[in-house]
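# Coordinates in review
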Amino acid sequence: MNSCHGCLSPGSCMNSGRKNVDHKSQLSSYGSDRKSSDTKARLTVALAGNANVGKSAVFNQLTGVDQIIGNWPGKTVERAEGTLQHQGLKIRVIDLPGIYSFSTYSMEELVSRDFIALEKPDIVVNVVDASALERNLFFTIQLLELSAPVIIALNQVDLMEKKGISIDHQKLGELLGVTVVPTVAIKGKGISELTEQIICLNKNRRAPLLIKYGREVEERIEKLASLLGNVETGYPRRWIAIKLLERDEEITSLIDGMDMTIVQAAKSLAKEIEEIHGEPSSVVLSAERYKIADEIARNVQMIRAEGDTLTDKLDRIALHPILGYLTIVGVIGGLLAWTFIIGASISQVLADAFSSIEQFEPVVSGPLADVLWNGAFTGFVAGITLVIPYVLPFYIILAVIEDSGYLTRISLMLDKGMHKMGLHGKAIIPLILGYGCNVPACFSCRIMETPKQKLLAAFLVTLVPCTARTVVILGLVAAFVNIWWALALYVFDIALIIALGRIAFKVVPGESVGLIMEMPRYHVPSAKVVLKQTWARTKSLLWVVFPAYIVGSAVLQAVYAAGFLDSINDVLRPVTVGWLGLPAAVGILLIFGVVRKELTILMLAIIFQTMDFASVMTPVQLIVLALVTMIYVPCLALILSLVREFGWKKASAITVFEVVFAISLGGIVFRLLSQIM
Amino acid sequence: MPKEEVEEYIETVFDIAGKDGTAKTTEVAKKLQNSPASVTEVFQSMARNDLVKYEPYRGVTLTEKGAEAAMKIKRKHRLLEVFLSEVLHIDPENVHDEACKMEHCISDEVGDAICRLLDAPARCPGGKLIYPCKKGIDTCNDCQSAADKEANIAQRKIIPITDLKPCQKGIIALLRGSQKVIQRLSDLGLTPGTEITLVRKTPLGGPIELSVRRTALAVGRDIADNIFIRKAGEV
């Protein structure tokens, strides 16, 4: 294992690196203080790069873990971890969120730069989109500034060739002083070569090259770096100097706490740069980095003219003033309709099949063990008949829409409307995900830029009827009143989201920024990706749903058998009977519905000992119950997600508001509907 | 201590200083309707900032730095007085008080622009001298023609990218907006001097799609209105 084939000779590439780049963007060797990890049996590899370049695909290929992938920027909201065994070496792989820069624009940028600079992974694999080389190199340059040991995975080279671009990856490696491996991660091409190179670089560590800026900037960086001589931060010194010049808030306050005079010096140097260029210093530095990236790109890539692409043609429809909106209505409507039509029929088939195995009508008398077993079985059946027919079809189509790249077009078309709620088009993505399950939708609100926008988006997500609530609406209203009232509830909910969104925008303090989003190209969704994605989502839902179902319904039947129900219902009577006009027995439903919304239906069946709800409740009562269930409080899992994202205070504020609001609204609707029905 | 307060103190000292340049603490306190004790306190802090020299029992004198600041603020005050009475026709009785409030919040640049607009007036309505600016120009005509040139560039060549038609190109000339947005745009490759193409506008005033460095970006209309370009070909 001493020989290491396929490695570029470090010396040769650095020499030629100096020769090939002119003085303005010179690269030269740079001493690194990175610790040597040759003695460690474990190796840590971080994947970093722009959004939507295929980091998660590389991650999945390396580790065999199924990290969610899809064709929109911002899927990886949290760093994912997996391990890979290679030649007896345990390699820990970390998938960082996609970012464009190491500024302080978003939390993800801060987290990623601190991870790379402070936790010092042994290798950073920079996944680069081969067809957008300049912008990706802009990020690569910043990785090198952090003196990270970088390997470039030049990804999606197949797409690049289709677009008439060719890249001399050897030369690119020489110019940057790093190893470049061409890959097609989604198909697994180049992954074994990448693994080889990871091991190889770990053994033969070489110092990354120093990227030099234009003279007036470079002089000031060096001046600051020498002032930083004795300051120990854990970050590379030169990088600190660059960040100080960019007036980076985090770094400035960090250094300010150590030596105020350096910050003063940095401010006056930054001011000098600003006076020369007439722009903020951070923009000047970005422009300089792009200049370097452009030069390198021009040296290594050949571009043939590109004709009208599929993306252009499709966007002419998807972004058309009339056809575009029709497409959205068609796609979203189709998504929901398909779910309900396919779902309802599969659900029926499944229910019939299970009833032939064992009776799952609620049992509330007899020995406790029987009651519990029956409860657990009923819960299991309810889980199966919810997840397979409704959730699965929804997730499959959602994955197709995501993978095609269409989701971002919906964002674009609805951007203007979202502005009225202090949000922008990107917020459409969590809202649509919310129709599946609110929990992942809540986490995906991290694609929003400011804390205010994240909170607003998450609040609106909690009002989106997820599949569980859809089952309640279908099971109560569509089945026993009619389908139009069920649809009316849906439309009413959308109106409610818009109205509450506007109010929340006015009430919640904080800043909102507009839409800036990368537009991915369309591609034909791959069956493998769609299925994996669907499975990953369904699996995580199963972990929550089945235990809650089985335990929930067993406990409920036990409580019922023990005769505690009436006392709970009596306490809630003024609200349930007095204000909402519902039977007293639903009191317990509203409490248990917090665990999972679809338990409502299950328990209604247990309590009334019938599945024919029309015989025990009037249409108005069914509609009111469905309405209250739809908005009264997110489920327990969602409340916990809100706590995790926004803290106890905001999570309880949302919860309390929605309970009070749903009950008030329910009472009013009951009185209005009683007049007309 | 707020900048305005410091400036008021500097002005007062400048106004009432006697022949030897010294202003008595009691006099300053009377003029500013403040207690001598707190005026002393302010003077001590100003002395630390090297704006005045403070000697107990005698009073304060402006340092060179202090005097320069005083001239600057007086220049703005008097220019504003001319502007308020001649351009805005404000009641002469209110002109002084309005100018007193405004003088603290306008930059030197605005002061100079007012000066240019008024064709470099020599005296304020009360007849006091307006100190000249510190620019390194020979005559006030130079200032005027330099300004004309800049204004021309701004008027003729720079347009917001949203004024382009689909498929038209331009060179980014100026980004306007919050630090955060500008940072994001330049990180995504929208740096001044870069060629940029308007791909399409979405309906109902929605975002525009741009092509820059061979990547496609969607940018909300409110942000796009602040991306200014020169038309490609024109320099």
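Keep in mind that this is a model prediction, so the values were computed, not measured.

On to the overall build of chain A, then. Along chain A, the regular secondary structure elements total 29 helices and 11 strands. Partitioning the intrachain contacts of chain A with sequence separation of at least 6 by distance along the chain shows that 74% fall at a separation of at least 24.

Tallying secondary structure elements over chain B gives 9 helices and 9 strands in all. The contacts in chain B between residues at least 6 apart in sequence include a share of 52% that link residues at least 24 apart.

All names here are of chain B. On the basis of which strands lie adjacent, the open sheet formed by 3 strands has the order 1-3-2 and antiparallel pairing. Here the strands that pair on one side only, and so sit at the sheet edges, are strand 1 (22-23) and strand 2 (52-55). Where strand 2 lies against strand 3 (residues 59-62), 4 bridges are found, and the strand directions are antiparallel. Across the sheet, Tyr54 pairs through a bridge with Val60, a residue of strand 3. Against the sheet, helix 1 (residues 3-16) touches strand 1, strand 2 and strand 3, its axis set at about 95° to strand 3.

This brings us to the packing of helix 4 (residues 64-87) of chain B against helix 5 (residues 92-102) of chain B. Residue and element names in this part refer to chain B. Orientation of helix 4 relative to helix 5, taken along the N-to-C sense of each, is 135°, at an axis distance of 9 Å. In this view, helix 4 runs oblique relative to helix 5, as classed from their interaxial angle. Crossing angle aside, the handedness with which helix 4 passes helix 5 is right-handed. Contacts between helix 4 and helix 5 involve His77, Leu80, Glu81, Leu84 and Ser85 on the former and, on the latter, Pro92, Val95, His96, Glu98, Ala99, Cys100 and Met102. Its residues assigned to classes, the contact of helix 4 with helix 5 comprises 7 nonpolar, 3 polar and 2 charged.

The subject of this paragraph is the sheet that holds strand 4 (residues 89-95) of chain A. All names here are of chain A. Taking strand neighbours across the sheet as the criterion, the 6 strands line up as 3-4-2-5-6-8 in an open arrangement whose pairing is mixed. Looking at which strands have only one partner, the edges of the open sheet turn out to be strand 3 (80-86) and strand 8 (179-182). Taken over all neighbouring pairs, the strand axes of this sheet differ in orientation by 25° on average, direction set aside. Across 5 bridges, the pairing between strand 2 (residues 42-49) and strand 5 (residues 123-129) is parallel.

A few words now on the interface of chain A and chain B. One widely used convention gives an interface's size as the accessible area the parts lose upon coming together. Between chain A and chain B, the residue contacts involve 31 residues of the former and 31 residues of the latter. Those elements giving two or more residues to the side of chain A that touches chain B turn out to be helix 4 (133-145), helix 12 (281-300), helix 16 (406-413), helix 17 (415-419) and strand 11 (516-518) of chain A. The dominant element in the side of chain A that touches chain B, judged by the number of residues it contributes, is helix 12 of chain A, at 5 residues. Its residues placed into classes, the side of chain A that touches chain B shows 17 nonpolar, 8 polar and 6 charged.

Residues and elements named next belong to chain A. What the domain assignment lists for chain A is domain 1 (10-211), domain 2 (215-303) and domain 3 (323-676). With 26 residues of domain 1 in contact, the opposing surface of domain 2 contributes 24 residues. Looking at the side of domain 1 that touches domain 2, the elements with two or more residues in it are helix 3 (107-118), helix 4, strand 7 (165-167) and helix 6 (169-176). Considering each element in turn, the side of domain 1 that touches domain 2 owes the most residues, 6 residues, to helix 4.

Residue and element names in this part refer to chain A. Put simply, helix 20 (residues 451-462) and helix 28 (residues 636-646) touch, their axes get as near as 12 Å, and they point 180° apart. In terms of orientation, helix 20 lies roughly antiparallel with respect to helix 28. Contacts between helix 20 and helix 28 involve Leu455, Ala458 and Thr462 from the former and Leu638, Leu642, Glu645 and Phe646 from the latter.

In terms of nonpolar packing, the biggest core is built from 213 residues, with Leu245 and Ala626 of chain A touching the most fellow members. Among residues more than four places away in sequence, those in contact with Ala626 of chain A are Val472, Ile473, Leu476, Val477 and Leu489 of chain A. If you look at the next biggest cluster of nonpolar residues, it comprises 16 residues, including Ile10, Ala17, Val42 and Val52 of chain B.

Look at Gln156 of chain A: it is not a glycine, yet its phi comes out positive at around 60°. Within the fold, Gln156 of chain A resides in the loop between strand 6 (150-155) and helix 5 (157-162). Looking at Gln156 of chain A, the number of C-beta atoms within 10 Å reads 25, which means it is buried. Positioned with a positive phi, Arg213 of chain B is a non-glycine residue whose angle comes to about 50°.

The next subject is the environment of Gly189 of chain B. One can find Gly189 of chain B in the loop between helix 8 (179-187) and strand 6 (195-201). The buried category is assigned to Gly189 of chain B, around which 26 C-beta atoms lie within 10 Å. For the pair Gly189 of chain B and Val42 of chain B, spaced 147 residues apart in sequence, the C-alpha to C-alpha distance is 49 Å. Excluding its chain neighbours within four sequence positions, the residues that come into contact with Gly189 of chain B are Glu134, Arg135, Phe138 and Tyr290 of chain A together with Thr194, Val212, Arg213 and Thr215 of chain B.

Okay, the confidence of the model for chain A next. A residue-level look at chain A finds 88% of positions with pLDDT of 70 or above and a mean pLDDT of 81. Note on residues 1-40 of chain A: pLDDT is under 50 here. Beyond four places in sequence and across chains, it has 71 contacts.

For the rest of this paragraph, the subject is helix 21 (residues 467-480) of chain A. All names here are of chain A. Counted at 1.5 Å a residue, the expected span for helix 21 with its 14 residues is 20 Å, and the 19 Å between its end C-alpha atoms agrees. Along helix 21, the sharpest kink reaches roughly 35°, centred on Leu474. Among the 14 residues of helix 21, 12 are classified as buried, and the element is accordingly described as predominantly covered. When we look at burial in helix 21, the residues that qualify are Thr467, Ala468, Arg469, Thr470, Val471, Val472, Ile473, Leu474, Gly475, Leu476, Val477 and Ala478.

A separate point is the pairing of strand 3 of chain B. Residues and elements named next belong to chain B. When strand 1 meets strand 3, the two strands line up antiparallel, connected through 2 bridges. Counterpart to Ala23 in the pairing with strand 3 is Val60. Counting the residues that bridge the hairpin from strand 2 to strand 3 gives 3 residues, and of these Tyr57 lies at a positive phi of roughly 70°.

Next up on the list: helix 3 (residues 36-48) of chain B. Residues and elements named next belong to chain B. In this model helix 3 runs 18 Å from its N-terminal to its C-terminal C-alpha over 13 residues, within 8% of the 18 Å that 1.5 Å per residue would give. Inspection of helix 3 places Val39, Val42, Phe43 and Met46 among the buried residues, and these make up the whole buried set. Here the buried residues of helix 3 occupy an arc of 100° about the axis, which is enough to place them on one side. Those residues of helix 3 that are exposed and angled more than 90 degrees off the buried face are Ala37, Ser38 and Arg48. Here the buried face of helix 3 lies against helix 1, helix 2 (25-32), strand 2 and strand 3. Positive backbone phi, approximately 65°, marks Asp50, located one or two places after helix 3.

Criteria and thresholds
Residues numbered from 1 in each chain as written. Chains lettered and ligands numbered in written order. Predicted model: local features only at pLDDT ≥ 70, side-chain atom pairs only at ≥ 80, totals over all residues. Helix = DSSP H or I, 4+ residues; strand = E, 2+ residues; numbered from the N terminus. Contact = placed C-beta atoms within 7 Å. Pairing = 2+ DSSP bridges. Axes fitted to C-alpha atoms, helices over the stretch in contact; angles between N-to-C directions. Parallel < 35°, antiparallel > 145°, perpendicular 65-115°, else oblique. Left-handed = near helix turned anticlockwise from the far one by under 90°. Nonpolar A, V, L, I, M, F, W, Y, C, P; charged D, E, K, R; others polar. Domains from an automatic or database assignment. Core = buried A, V, L, I, M, F, W, Y, C linked by C-beta atoms within 7 Å. Buried ≥ 20, exposed ≤ 12 C-beta atoms within 10 Å, placed from the backbone. pLDDT = per-residue confidence, 0-100. Expected span 1.5 Å × (residues − 1). Bend = angle between axes of the 7 residues up to and from the residue. Arc of directions from axis to C-beta.

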